[in-house]
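Letter by letter, the chains look like this.
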Amino acid sequence: EAGVVQSPRYKIIEKKQPVAFWCNPISGHNTLYWYRQNLGQGPELLIRYENEEAVDDSQLPKDRFSAERLKGVDSTLKIQPAELGDSAVYLCASSAGLNTEAFFGQGTRLTVV
Amino acid sequence: QKEVEQNSGPLSVPEGAIASLNCTYSDRVSQSFFWYRQYSGKSPELIMSIYSNGDKEDGRFTAQLNKASQYVSLLIRDSQPSDSATYLCAVILVSGAGSYQLTFGKGTKLSVIP
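Residues numbered from 1 in each chain as written. Chains lettered and ligands numbered in written order. Predicted model: local features only at pLDDT ≥ 70, side-chain atom pairs only at ≥ 80, totals over all residues. Heavy atoms only, no water.

**Q** Requested: an account of the overall build of chain A, with residues and values cited.
**A** Per the secondary structure count, chain A includes zero helices and 11 strands. Secondary structure of chain A in N-to-C order comes out as β-β-β-β-β-β-β-β-β-β-β. Computed over its C-alpha atoms, the radius of gyration of chain A comes to 13 Å, within 12% of the 13 Å expected for a compact globule of 113 residues. Expressed as a percentage of the 113 residues in chain A, the buried residues total 45%. For chain A, the share of sequence-separated contacts (at least 6 apart) that also reach a separation of at least 24 residues comes to 53%. With the model as given, the accessible surface of chain A reaches about 5500 Å², and the carbon-plus-sulfur share is 49%. Of the charged side chains in chain A, 12 are positive and 14 negative; the average position of the first set lies 7 Å away from that of the second. (Helix = DSSP H or I, 4+ residues; strand = E, 2+ residues; numbered from the N terminus. Rg over C-alpha atoms; globule rule 2.2 N^0.38 Å. Buried < 20%, exposed > 50% of the residue type's maximum accessible area, 1.4 Å probe, protein only. Contact = heavy atoms within 4.5 Å. Areas by Shrake-Rupley, 256 points an atom, 1.4 Å probe, with all protein chains shown as cover. Lys, Arg positive; Asp, Glu negative; His and termini not counted. Charge placed at Lys NZ, Arg CZ, Asp CG, Glu CD.)

**Q** I'd like a description of the nonpolar core, backed by residues and values.
**A** Soluble globular proteins tend to bury their nonpolar side chains together. Ranked by size, the top nonpolar core spans 24 residues in total, and within it Trp35, Val72, Leu74, Ile76 and Tyr87 of chain B carry the most contacts. In this structure Val72 of chain B touches Leu21, Asn22, Cys23, Phe33, Trp35, Ile50, Gln64, Leu65 and Cys89 of chain B, once residues within four positions along its chain are discounted. Among the nonpolar cores identified, the runner-up in size contains 21 residues, and Val4, Val19, Tyr49 and Val112 of chain A belong to it. (Core = buried A, V, L, I, M, F, W, Y, C linked by side-chain atoms within 4.5 Å.)

**Q** Go over the packing of aromatic side chains with me, naming the residues and quoting the values.
**A** All names here are of chain A. Applying the stated rule across the entire model yields nine aromatic pairs over all chains. For the pair Phe21 and Tyr90, a centre-to-centre distance of 4.8 Å together with 25 degrees between the ring planes defines the contact as stacked. Remark: Tyr90 occurs in strand 9 (residues 88–95) and Phe21 occurs in strand 3 (residues 19–24); sequence separation between them is 69 residues. For Tyr90, a relative accessible area of 0% translates into the label buried. (Phe/Tyr/Trp six-rings, centres within 6.5 Å; stacked < 30°, edge-to-face > 60°.)

**Q** Pulling in residues and values, what's your account of the pairing of strand 10 (residues 100–104) of chain B?
**A** Residues and elements named next belong to chain B. Most of strand 10 sits inside the fold, with four of its five residues counted as buried. Relative to strand 10, strand 9 (residues 85–94) runs antiparallel, the two sharing five bridges. Pairing of Ala90 across the sheet is with Phe104, part of strand 10. (Pairing = 2+ DSSP bridges.)

**Q** How would you explain the environment of Thr86 of chain B if you had to name every residue and give the values?
**A** Among the structural elements, Thr86 of chain B can be located in strand 9. Each C-alpha atom, one on Thr86 of chain B and one on Lys106 of chain B, is 9.2 Å from the other, the two residues being 20 residues apart in sequence.

**Q** Please give an account of the confidence of the model for chain B that cites residues and values.
**A** Looking at chain B as a whole, the pLDDT averages 93, with 96% of positions reaching at least 70. Mean pLDDT values over the elements of chain B span from 90, in strand 10 of chain B, up to 98, in strand 4 (residues 33–38) of chain B. (pLDDT = per-residue confidence, 0-100.)

**Q** Hey, could you go over the environment of Tyr51 of chain B for me, with residue numbers and the actual values?
**A** For Tyr51 of chain B, the location among the structural elements is in the loop between strand 5 (45–50) and strand 6 (54–58). In this structure, the C-alpha to C-alpha distance between Tyr51 of chain B and Ser79 of chain B, residues 28 residues apart in sequence, is 25 Å. If sequence neighbours within four positions are ignored, Tyr51 of chain B has contacts with Asn99, Thr100 and Glu101 of chain A together with Gln31, Ser32, Phe34, Leu65 and Lys67 of chain B.

**Q** Break down the sheet that holds strand 7 (residues 65–68) of chain A for me, citing the residues and quoting the values.
**A** All names here are of chain A. The strand order across the open sheet built from four strands is 1-3-8-7, with neighbouring strands paired in antiparallel fashion. Here the strands that pair on one side only, and so sit at the sheet edges, are strand 1 (5–7) and strand 7. Taken pair by pair, the neighbouring strands of this sheet meet at an average axis angle of 15 degrees, ignoring direction. By the bridge criterion, five bridges tie strand 3 to strand 8 (residues 75–79) in an arrangement that is antiparallel. Its bridge partner lying in strand 8, Phe21 is registered against Leu77. (Axes fitted to C-alpha atoms, helices over the stretch in contact; angles between N-to-C directions.)

**Q** Describe the sheet that holds strand 8 (residues 71–76) of chain B, with residues and values.
**A** The antiparallel open sheet is built from five strands, whose spatial order is 1-3-8-7-6 (chain B). Both edges of this open sheet fall to strand 1 (4–5) and strand 6 of chain B, since each of them pairs with a single strand only.

**Q** So, the interface of chain A and chain B: which residues are in play, and what are the values?
**A** Across the contact, 23 residues belong to chain A and 19 residues belong to chain B. Of the roughly 1700 Å² buried where chain A meets chain B, counting both sides, 50% is carbon and sulfur surface. The largest share of the area that chain A buries against chain B comes from Asn99, Glu101 and Phe104 of chain A, three residues that together contribute 28% of it. Taken together, chain A and chain B are joined by zero salt bridges. Along the contact surface separating chain A from chain B lie 10 residue pairs in polar contact (both at pLDDT 80 or more). (Buried area = accessible area lost by both parts, 1.4 Å probe. Salt bridge = Lys/Arg side-chain N within 4 Å of Asp/Glu carboxyl O. Polar contact = N/O pair within 3.5 Å; in protein donor to acceptor, adjacent residues only side chain to side chain.)

In structure tokens form, the structure reads like this:
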């Protein structure tokens with residue numbers, strides 16, 4: 001069974017440019033998470049989806065970040081415009097349900113210069 | 001305000017010893033607890049989940065949960081150099097608004113010395 005797939009693995013952009021990350025969860029997993037992880041820190045939740053509904057986006061900086069999960073499968077996280085402080089690893093995870101185990105993709109390392 | 005707390009370490013143990021990793025959390029109604037291992041430059045990998053008070057063993061790993069004390073720990077027996085990594089504690093926290101969040105601690109860096 002394929003795991004969570006993310007792309008791209010690495011992205012370098014100039015500040016003020018837009019960037020998008022893509023995530024394909026494990027087949028059948030209804031819950032999808034986007035996290036951001038800074039060096040030396042634990043992952044911080046940005047948004048959680050249950051199927052196509054964003055049920056927890058309280059920590060998503062909505063002025064520049066947006067996310068969507070059309071048809072309740074793949075998801076895209078976008079930043080526009082990017083700032084230097086957005087440099088981090090963006091992780092996608094999925095689980096079969098809210099209180100069950102979550103599995104992570106390989107992550108996207110974003111560098112904003 | 002961090003709601004899942006871990007000692008950041010580093011924790012150094014000799015090869016073959018028992019490594020003990022600890023985690024406390026703030027939410028009394030949490031029901032789901034997880035330990036992840038993260039190697040440098042890699043994404044977190046789930047190694048243990050625990051939902052009930054007591055111990056849960058899986059090979060060299062034992063997770064311990066005490067909900068009354070809001071405390072969860074991970075023991076690694078016969079530690080190997082390949083266990084050297086950062087260990088992340090994760091808890092599904094429930095907010096007053098009924099929101100469930102899979103929340104991570106900062107992680108404890110473990111070094112197993114040959």
